[in-house]
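Remarks on the overall topology
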Amino acid sequence: MTHVITGTCCNDSACAFSCPVNCIHPAPGEPGYGSAELLFIDPDACIDCGACVDACPVHAVVPDYDLEERDQPFADLARAWFAVEENSGYPQEQKRLPAFTVAEPSALRVAVIGTGPAACYAIDALTSVRGLQVEVTVVERLLAPGGLVRYGVAPDHPETKAIGDQFLRTLARSSVSLHLGVEVGRDVTFEQLASTHHAVIVGSGAAAGRRLGIPGDDLAGVISAADFVGWYNGHPDYANLAVDLSGERAVVVGNGNVAIDVARVLLSGVDRLRRTDIAQHALEAFAASNVREVVLVGRRGIEHAAFTASELEGLARVPGLRISAVTAELEPTLGELSPERRTIVEHKASRLRKLAG
Ligand code: SF4
Ligand code: SF4
């Protein structure tokens, strides 16, 4: 038996530090962690203790005897990943978190801007060090915390959104003072924060979409995914976005996970979306939508496509959705890729060929 990490994994690596035999990789500091789509459990080293199941905030780890058929590709991918020589040979002893020390442990004051994942992981790291006295001031421009988790994760991904519960617990710690509706530059200056704290962490992320910078990118009907995602997730800044769903075909430029999210939400059908926490105004717009086809356009080949294997499986699970692809473009150029990256790319190309076949 073994355990398997499935598609909701968000790479926070909590499980890697809980494993007594160090069989979850790549972990922080190991080759490939920075570009990993998800972590893998070595099926030959796992002793089935279950510690990683409890450590995972998004319930991504399951014992193989509970693995659903649809999650089998993740078990296959893990086995393929560890079959690569560079991904094996790790010592079988539990990882330890690096020691954290400050010169004046009783006097550390940190301001954090934002309440999304980056900010909350930073706050968690600061406030969970035993013996460290720290006061964290958190300022959030919006009236609700969560940032990307609340307004960026697709509404039909409740497992991923579940990590927001952990963030709320972090923000409720006694050493944290949370100030909602406070905007840096309007209500408080960066200099004020810097002069009253030892450090300021900017965890607010990219607040706006980036235009393509090509002729036509300002035509009616061209909107950034950041705005569109904010619109269907109830972000107050985008509540009045003009979204025209009267055409039968939508084009998404790009092929990262957000592009796949947008395609899936556009084609999910209102009955499926009704079972999510999608914003009411968006649900009404999707109920009247004429969109029946979404074309995803990528600038480069499958070896550079940024969508993850998990996101592809999520797309494949939409009932009634037919996936097609230009098969000639599903032959990856593997030459420049690292061995661990090569395994993932080959897996994605193979799955896509099968799904489109
Ligand atoms: S079940 Fe135990 S041994 Fe297996 S990966 Fe999880 S923590 Fe490690
Ligand atoms: S999301 Fe779960 S499975 Fe993925 S790295 Fe974090 S703890 Fe591990």
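Fair warning: this is a prediction, and the values are worked out from it, not measured in the lab.

Below, the discussion takes up the overall build of the protein. Along the backbone of the protein there are 13 helices and ten strands. For 357 residues, the compact-globule estimate of 2.2 N^0.38 gives 21 Å, and the C-alpha radius of gyration of the protein, at 22 Å, lies within 12% of that figure. C-alpha atoms of the protein, sized along the principal axes, occupy 60 × 55 × 40 Å. The 357 residues of the protein split such that 45% are buried. Of the roughly 18900 Å² that the protein leaves accessible, carbon and sulfur atoms contribute 51%. Treating the 30 positive side-chain charges of the protein as one cloud and the 45 negative ones as another, the clouds have centres 3 Å apart.

Turning our attention to the packing of helix H9 (residues 257-267) against helix H12 (residues 309-316). With their axes 10 Å apart at the nearest point, H9 and H12 run at an angle of 5° to one another. The angle between H9 and H12 places the two elements in the roughly parallel class. Across from Asn257, Ile260, Asp261 and Arg264 in H9, the residues of H12 making contact are Glu311, Gly314 and Leu315. Here the residues of the contact of H9 with H12 sort into two nonpolar, two polar and three charged.

Each pocket or cavity is described by its volume, and for the second largest pocket that value is around 910 Å³. Around the second largest pocket sit 30 residues that line it, and Val294, Leu296, Ile323, Ser324 and Ala325 are the ones nearest its centre. Elements that contribute at least two residues to the lining of the second largest pocket include exactly H9, strand S10 (293-297) and H12. For the lining of the second largest pocket, the element with the highest residue contribution is S10, accounting for five residues. Classifying every residue of the lining of the second largest pocket by side-chain character gives 19 nonpolar, five polar and six charged.

Turning our eyes to something else, we now look at the site of ligand 1. Contacts to ligand 1 come from 14 residues, most closely from Cys19, Cys46, Cys49, Gly50 and Cys52. Looking at the shell around ligand 1 residue by residue, the classes come out as eleven nonpolar, two polar and one charged.

Before going further, it helps to examine the sheet that holds strand S6 (residues 134-140). Paired through backbone hydrogen bonds, the strands of a sheet run either parallel or antiparallel to each other. On the basis of which strands lie adjacent, the open sheet formed by four strands has the order S7-S6-S5-S8 and parallel pairing. Edge positions in the sheet fall to strand S7 (176-180) and strand S8 (199-202), since each of these pairs with one other strand and no more. This sheet shows a mean twist of 15° between the axes of neighbouring strands, independent of strand direction. Helix H3 (residues 117-127) rests against strand S5 (108-113), S6, S7 and S8 of the sheet, and its axis sits at about 165° to S6.

So, about the site of ligand 2. Ligand 2 sits among 14 residues. The nearest are Cys9, Asp12, Ser13, Cys15 and Cys56. For the shell around ligand 2, the per-class residue count stands at eleven nonpolar, two polar and one charged.

Right, let's talk about a nonpolar patch on the surface for a bit. The grouping of Leu212, Ile214, Val251, Val253 and Val297 at the surface amounts to a nonpolar patch, some 450 Å² of accessible area in total. Residue classification places Val251 among the exposed positions, given a relative accessible area of 52%.

Bringing the nonpolar core into the picture now. In this structure, Ile5, Ile24, Phe40, Ile41 and Val136 are the most contacted members of the largest nonpolar core, which totals 46 residues. Elements with a minimum of two residues in this core: strand S1 (3-5), strand S3 (40-41), helix H2 (72-83), S5, H3, S6 and helix H6 (163-171). Tallying contributions element by element places H2 first for this core, with six residues. In this view, Ile5 contacts Cys15, Ile24, Leu38, Leu39, Phe40, Ile41, Ala60, Val61 and Phe74; residues no more than four positions away in its chain are not counted. Residues Phe228, Val262, Leu266 and Val270 belong to the second largest nonpolar core, which totals 22 residues.

With that settled, the discussion passes to the pairing of strand S9 (residues 249-253). Residue alternation in S9 divides its side chains into a buried set, Ala250 and Val252, and an unburied set, Arg249, Val251 and Val253. Pairing of S9 with S10 involves five bridges; the strand directions are parallel. Its bridge partner lying in S10, Val251 is registered against Val295.

Looking at the protein, pLDDT values average 90 and 97% of them are 70 or higher. Both scores are available for the predicted complex, with the pTM at 0.79 and the ipTM at 0.96.

Let us look at empty space enclosed by the protein. Scanning all chains against the criterion turns up three cavities of 30 Å³ or more. The space that makes up the largest cavity amounts to roughly 100 Å³. Taken together, Pro26, Gly32, Ser35, Ala36, Glu37, Leu38, Phe40, Trp81, Glu340, Arg341 and Ile344 make up the full set of residues lining the largest cavity. Residue composition of the lining of the largest cavity, grouped by class: six nonpolar, two polar and three charged.

As a further point, take H12. Burial analysis of H12 places seven of its eight residues in the buried class, the great majority of the element. Buried residues belonging to H12 abut H2, H9 and helix H13 (339-356).

Here is what the cut-offs are and how they apply
Residues numbered from 1 in each chain as written. Chains lettered and ligands numbered in written order. Predicted model: local features only at pLDDT ≥ 70, side-chain atom pairs only at ≥ 80, totals over all residues. Heavy atoms only, no water. Helix = DSSP H or I, 4+ residues; strand = E, 2+ residues; numbered from the N terminus. Rg over C-alpha atoms; globule rule 2.2 N^0.38 Å. Buried < 20%, exposed > 50% of the residue type's maximum accessible area, 1.4 Å probe, protein only. Areas by Shrake-Rupley, 256 points an atom, 1.4 Å probe, with all protein chains shown as cover. Lys, Arg positive; Asp, Glu negative; His and termini not counted. Charge placed at Lys NZ, Arg CZ, Asp CG, Glu CD. Axes fitted to C-alpha atoms, helices over the stretch in contact; angles between N-to-C directions. Parallel < 35°, antiparallel > 145°, perpendicular 65-115°, else oblique. Contact = heavy atoms within 4.5 Å. Nonpolar A, V, L, I, M, F, W, Y, C, P; charged D, E, K, R; others polar. 1 Å grid on protein atoms, 1.4 Å probe; cavity = no way out; pocket = protein on both sides within 12 Å on 5 of 7 lines; lining within 4 Å. Points joined across faces, edges and corners; volume = space filled by probe spheres on them. Near = heavy atom within 4 Å. Pairing = 2+ DSSP bridges. Patch = residues over 30% accessible without salt bridge, like charges linked within 9 Å, V, L, I, M, F, W, Y side chains within 5 Å. Salt bridge = Lys/Arg side-chain N within 4 Å of Asp/Glu carboxyl O. Core = buried A, V, L, I, M, F, W, Y, C linked by side-chain atoms within 4.5 Å. pLDDT = per-residue confidence, 0-100.

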